[in-house]
Amino acid sequence: EQNMIHLQGFLPIFLTIGWCSGDSSPPNILFILADDLGWNDVPWNNPEVIAPTLARLAGEGLILENNYVQPTCTPSRAALMTGYYPMHTGNQYVPIRSLQPAGVPIKFNFLSQYLKNLGYSTHGVGKWHLGYCSPEYLPTQRGFDTFHGLWIGAGDHFLHTNMADNHDPSSVGYDFHKNEDIYYEADGYDTSTLISERISEIIRIEEVNKSSPFFIYAPFQDVHDPLDIQPEYEDLYPNEQDPTRRKFLGMVSRLDAAVERIVTDLEEVEYTRDGETRTLLEDTIIIFSSDNGGMSEGLGYAGGSNKPLRGRKGGIFEGGCRVPGFIYNSGRTGVTNGLFHITDWLPTIYAGLAGGNVEDLPEDINGVNQIELLSRPSGVSQRVEMLYEIINFENDDWPDYDLDLSGAFGAALRLSEWKIIIGCST
């Protein structure tokens, strides 16, 4: 166990390459984070999945074949926002529960705060799940100019309700917010539609105010259970015999429809720069990833598939942590097998895309600036080592789900082409 912990101390390597678009202005950045989307749940890995817009963006962009995240929701979000492995922020493995007085400690700056310091307008739209027990944990206190979405980790996609206590049906509450206020107008509309409509508003506002680039963080609720889906999306899969899988695939298509509306809005905004007519899409980098593997067959099956990878959400086999991902408009296209971890996005976006100074970032973050990999045809990953997770329940359990995990320990590390797993794998 001690060897495992010491091995993870990989020193970040920072490059000073800027955005390779031929444009000196920093790009707009749209980060789309899907929820519980497995390896086999996207069209470039499974042609039976109907998601033409995501397929187009992936096909015209750079597909990340070795794209790694954490096994569950909150840990991946914390890693993305801070650039640290979750074991350093106290957010490893277990997602924040509805009544849990926890969050990412405020001593850690978020990606949104770094970009705001560079002059970006910053907007969060979708699922937060990084703490709300005290005002300082809320999105608008952590670098986001605006926020529109849910604070907790799940809920009804149309009613936006969830039980605060899984053992008490009377604890059902409403969770959809505009900035720090309850937003009742969301009732009756699915979250993906609300996300796309809000991003459309932001795009129109930014069209008027072109004085600064924008960063939009769009963590979708799709395709997390409950499997609430309109018939028109479920009916796209008449040959799928598994009703759970059919509903899940319908949610993938609904996610894609929302992304299509966003991309269309970006394409429709035209303006002239230095005598050249451009669209907002041309000046926007789109990043896509899932937050963890799918809830494939087993306990809590929710229709996801990670085939041919072994494992599922909540585990440190490949199916729990290796997920679909791509970047669009970064200067490189095709497919890369370079090793990439979700912590890498913070230094890559801040220093590699937005033009920030690497000296502004903490020296001990685990993320690596991967701009060379993402922008140059011959670029290679600057990462040779990656910690999957360290899971230690020596003094804890998971009471919301009646799971006694006391004493359980598990960890995994990848070093080049080797992987070591110690203890429990899930």
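Structure first, text after, so check above.
Cut-offs and rules
- Residues numbered from 1 in each chain as written.
- Predicted model: local features only at pLDDT ≥ 70, side-chain atom pairs only at ≥ 80, totals over all residues.
- Heavy atoms only, no water.
- Helix = DSSP H or I, 4+ residues; strand = E, 2+ residues; numbered from the N terminus.
- Rg over C-alpha atoms; globule rule 2.2 N^0.38 Å.
- Buried < 20%, exposed > 50% of the residue type's maximum accessible area, 1.4 Å probe, protein only.
- Areas by Shrake-Rupley, 256 points an atom, 1.4 Å probe, with all protein chains shown as cover.
- Pairing = 2+ DSSP bridges.
- Salt bridge = Lys/Arg side-chain N within 4 Å of Asp/Glu carboxyl O.
- Axes fitted to C-alpha atoms, helices over the stretch in contact; angles between N-to-C directions.
- Parallel < 35°, antiparallel > 145°, perpendicular 65-115°, else oblique.
- Contact = heavy atoms within 4.5 Å.
- Nonpolar A, V, L, I, M, F, W, Y, C, P; charged D, E, K, R; others polar.
- Patch = residues over 30% accessible without salt bridge, like charges linked within 9 Å, V, L, I, M, F, W, Y side chains within 5 Å.
- Lys, Arg positive; Asp, Glu negative; His and termini not counted.
- Charge placed at Lys NZ, Arg CZ, Asp CG, Glu CD.
- Polar contact = N/O pair within 3.5 Å; in protein donor to acceptor, adjacent residues only side chain to side chain.

## Let's talk about the overall build of the protein
Scanning the protein for helices and strands turns up 10 helices and 17 strands. Rg of the C-alpha trace for the protein: 20 Å, near the compact-globule value of 22 Å for 426 residues, within the 12% margin. C-alpha atoms of the protein, sized along the principal axes, occupy 65 × 50 × 45 Å. Burial status across the protein gives 60% buried among its 426 residues. Carbon together with sulfur atoms contributes 50% to the accessible area of the protein, which is approximately 16,800 Å² in total.

## Notes on the sheet that holds strand β8 (residues 181–182)
The strand order across the open sheet built from 10 strands is β8-β7-β4-β3-β9-β1-β12-β13-β2-β14, with neighbouring strands paired in mixed fashion. Across the chains shown, the open sheet's two edge strands, defined by having one partner strand only, are β8 and β14 (334–341). In terms of strand pairing, strand β2 (residues 62–68) meets β14 through 6 bridges, oriented parallel. Among the inter-strand pairings, Leu-62 is bridged to a residue of β14, identified as Gly-334.

## Structural notes on the pattern of salt bridges
All told, the structure shown has 20 salt bridges when counted by the stated rule. Residues Asp-35 and Arg-77 are paired through a salt bridge, measuring 3.8 Å at the closest nitrogen-oxygen approach. Of this pair, Asp-35 sits in the loop between β1 (28–34) and α2 (52–60) while Arg-77 sits in helix α3 (residues 73–82), placing them 42 residues apart in sequence. Here Asp-35 matches Arg-77 in class, with each residue buried. With a shortest N-O distance of 3.9 Å, Arg-414 and Glu-417 are connected by a salt bridge. Accessibility expressed as a relative area gives 11% for Arg-414, which makes it buried. A residue is classified by how much of its surface remains accessible, and Glu-417, at 67% relative accessible area, is exposed. Through salt bridges with shared partners, a single network forms among Asp-35, Arg-77, Lys-127 and Asp-291.

## Observations concerning the packing of α2 against helix α7 (residues 243–268)
Two elements in contact, α2 and α7, have axes whose closest approach is 7 Å; the angle formed by their N-to-C orientations is 60 degrees. If you check the angle between α2 and α7, you find them oblique. For the pair α2 and α7, the contacting residues are Pro-52, Thr-53, Leu-54, Arg-56 and Leu-57 in the first and Leu-255, Asp-256, Val-259, Glu-260, Val-263 and Glu-267 in the second. Taken together, the residues that form the contact of α2 with α7 break down as 6 nonpolar, 1 polar and 4 charged.

## Examining a negative patch on the surface
Among the surface-exposed residues, Glu-359, Asp-360, Glu-363 and Asp-364 lie close enough to one another that they form a single negatively charged patch. Assignment of secondary structure puts Glu-363 in the loop between α9 (345–353) and α10 (371–375).

## Thoughts on the pairing of strand β17 (residues 418–423)
Where strand β16 (residues 409–415) and β17 come together, 6 bridges link them in antiparallel fashion. Residue Ala-411 lies in a different strand from β17, and its bridge partner there is Ile-422. The antiparallel pairing of β16 with β17 creates a hairpin that spans 2 residues between the two strands, and Ser-416 there sits at a positive phi of about 60 degrees.

## Description of the side chain of Arg-198
As for its placement among the helices and strands, Arg-198 is situated in helix α5 (residues 191–208). The class for Arg-198 is buried, based on a relative accessible area of 12%. Within the structure, the side chain of Arg-198 is placed 3.2 Å from the side chain of Thr-146, a separation counted as a polar contact. A polar side-chain atom of Arg-198 sits 3.0 Å from a polar atom in the side chain of Glu-201. With residues up to four places along the chain from it excluded, the contact list for Arg-198 reads His-123, Val-125, Thr-146 and His-148.

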